[in-house]
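Analysis of the macromolecular model
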Amino acid sequence: MGVHVEIIESNPHLRSLLGWHLQQVGHVVHLAGGSQQGQEVFQLRHPDLVVLDLDLQEGNGLELCRWLHHQRTAFILALSAQQEEAAVVRALRAGADDYLAKPFGMQEFLARVEVLARRSRPCLPSVLNLGELQVNLVQRRVVVRDVPVDLTPQEFSLLYVLTQMGGIPLSRQELLRRAWPESIDNPRTVDTHILSLRKKIEVDPQQPRLIQTVRNVGYRLHLEPPNGRSHQNEKLYPSPSRLPAAR
């Protein structure tokens, strides 16, 4: 099951590439291009893991690393073009939990993220049974009325975010921030993917029961467990826990 990952990287191409690969393996990604934006995104999204470029254009990557470490709510994977031992030591002393020198292979990057994600991942059920909808968070599989449904990575990410809310509606802008790895300003993107999801999981997409539209707000997932009792106002499982103060 994925965790929330913030990528603070100056290079927009690398930032997008890392975000895309992380999303493909099930993580919810938030992007930032610099120190100030990185702090703002961090305080808004409260990620479980931060991938931090120490070679930020502002030149304050280590300072930002120390700030993130003092928040004590996320693991830090530091990236840098500096490969000498002294640079690694400085990063670790500034609060980084791991260090990866550029250039690096994507498989090694994903493996290092996975190691830190396992440490931050709470003990949550791997399969959510929501009445006629079953979501396997580990295998990224969806079954509706005992029939497997093939979702695109983006469709699954959107559905995953909705399941996390326990029936609470989210606005289109909020869904864009939570479910998309890249910054997108067009809320109609959400409508398009919601329409696609409904065609795949609803009995009647024109009268949806699972993904409901909340007027003047956005969308919510109608949670109906096997016993028929609604869970609209209660969490089916706890929100991702934050890390303890001690590392």
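Computed from a predicted structure; not experimentally measured.

So, about the packing of helix α6 (residues 153-164) against helix α8 (residues 188-201). Viewed as axis vectors pointing N to C, α6 and α8 meet at an angle of 90°, and their least axial separation amounts to 10 Å. Taken together, the axis directions place α6 and α8 in an arrangement best described as roughly perpendicular. Contact residues: Q154, E155, L158, L159 and L162 in α6; H193, I194, S196, L197 and K200 in α8. Grouping the constituent residues of the contact of α6 with α8 by class yields five nonpolar, three polar and two charged.

A few words now on the sheet that holds strand β6 (residues 127-130). Spatially, β6-β7-β8-β9 is the arrangement adopted by the four strands of the open sheet, whose pairing is antiparallel. Edge positions in the sheet fall to β6 and β9 (147-149), since each of these pairs with one other strand and no more. Across the sheet, the mean angle from the axis of one strand to that of its neighbour is 20°, orientation sign disregarded. Across three bridges, the pairing between strand β8 (residues 141-144) and β9 is antiparallel. The partner of V142 across the bridge, within β9, is V149. With respect to the sheet, α6 is in contact with β6, β7 (133-136) and β8, its orientation differing from that of β7 by roughly 105°.

All right, on to the pattern of salt bridges then. For the coordinates displayed, the defined rule picks out eleven salt bridges. Residue D98 is joined to R112 by a salt bridge in which the shortest nitrogen-to-oxygen separation is 2.9 Å. Taken together, the positions of D98 in strand β5 (residues 98-101) and R112 in helix α5 (residues 106-120) put the pair 14 residues apart, joining distant regions of the chain. Given a relative accessible area of 24%, R112 falls into the partly exposed group. Between D191 and R188 there is a salt bridge, with the nearest N and O atoms lying 2.5 Å from each other. Linking D191 with R188, this pair stays in helix α8, spanning three residues, or about one helical turn. Salt bridges sharing common partners tie together E9, D53 and K102.

This part takes up the environment of V113. Within the element layout of this structure, V113 appears in helix α5. Judged by relative accessible area, V113 falls into the buried class, the value being 1%. Sequence separation of V113 and L22 is 91 residues, and the distance between their C-alpha atoms is 8.7 Å. Excluding residues that lie within four positions of it along the chain, V113 makes contacts with L22, H27, L49, V51 and L77.

Take the packing of helix α7 (residues 172-179) against α8 next. At a minimum axis separation of 9 Å, α7 and α8 run at an interaxial angle of 80°. Considered as vectors, α7 and α8 are oriented roughly perpendicular to each other. Within the contact between the two elements, α7 uses R172, L175 and L176 and α8 uses R188, T189, V190 and D191. Considering only residue class, the contact of α7 with α8 consists of three nonpolar, one polar and three charged.

Turning our eyes to something else, we now look at the side chain of R178. Mapped onto the fold, R178 is located in helix α7. Excluding residues that lie within four positions of it along the chain, R178 makes contacts with V28, H30, R45, V161, M165 and L170.

For the rest of this paragraph, the subject is the sheet that holds strand β10 (residues 170-171). Here three strands make up an open sheet; going across it, the order is β10-β12-β11 and the pairing antiparallel. Whereas interior strands pair on both sides, the edge strands pair on one side only; in this sheet they are β10 and β11 (211-214). Of the strand pairs in this sheet, β10 and strand β12 (residues 218-221) are connected by two bridges, and their pairing is antiparallel. Across the sheet, the residue bridging to S171 is G218, located in β12. Its contacts with the sheet place α8 against β11 and β12, and it is angled at close to 145° to β11.

Right, let's talk about helix α2 (residues 35-45) for a bit. Restricting attention to buried positions, one finds in α2 the residues S35, G38, V41, F42 and R45. Seen end-on, α2 carries its buried residues on one side only, within an arc spanning 125°. Where the residues of α2 are buried, they touch β1 (4-8), β2 (28-32), β3 (49-53), α3 (61-71) and α7. A positive backbone phi angle near 50° is found at H46, which sits one or two residues after α2.

What counts, and where the lines are drawn
- Residues numbered from 1 in each chain as written.
- Predicted model: local features only at pLDDT ≥ 70, side-chain atom pairs only at ≥ 80, totals over all residues.
- Heavy atoms only, no water.
- Axes fitted to C-alpha atoms, helices over the stretch in contact; angles between N-to-C directions.
- Helix = DSSP H or I, 4+ residues; strand = E, 2+ residues; numbered from the N terminus.
- Parallel < 35°, antiparallel > 145°, perpendicular 65-115°, else oblique.
- Contact = heavy atoms within 4.5 Å.
- Nonpolar A, V, L, I, M, F, W, Y, C, P; charged D, E, K, R; others polar.
- Pairing = 2+ DSSP bridges.
- Salt bridge = Lys/Arg side-chain N within 4 Å of Asp/Glu carboxyl O.
- Buried < 20%, exposed > 50% of the residue type's maximum accessible area, 1.4 Å probe, protein only.
- Arc of directions from axis to C-beta.

Purely geometric numbers; function is a separate question.
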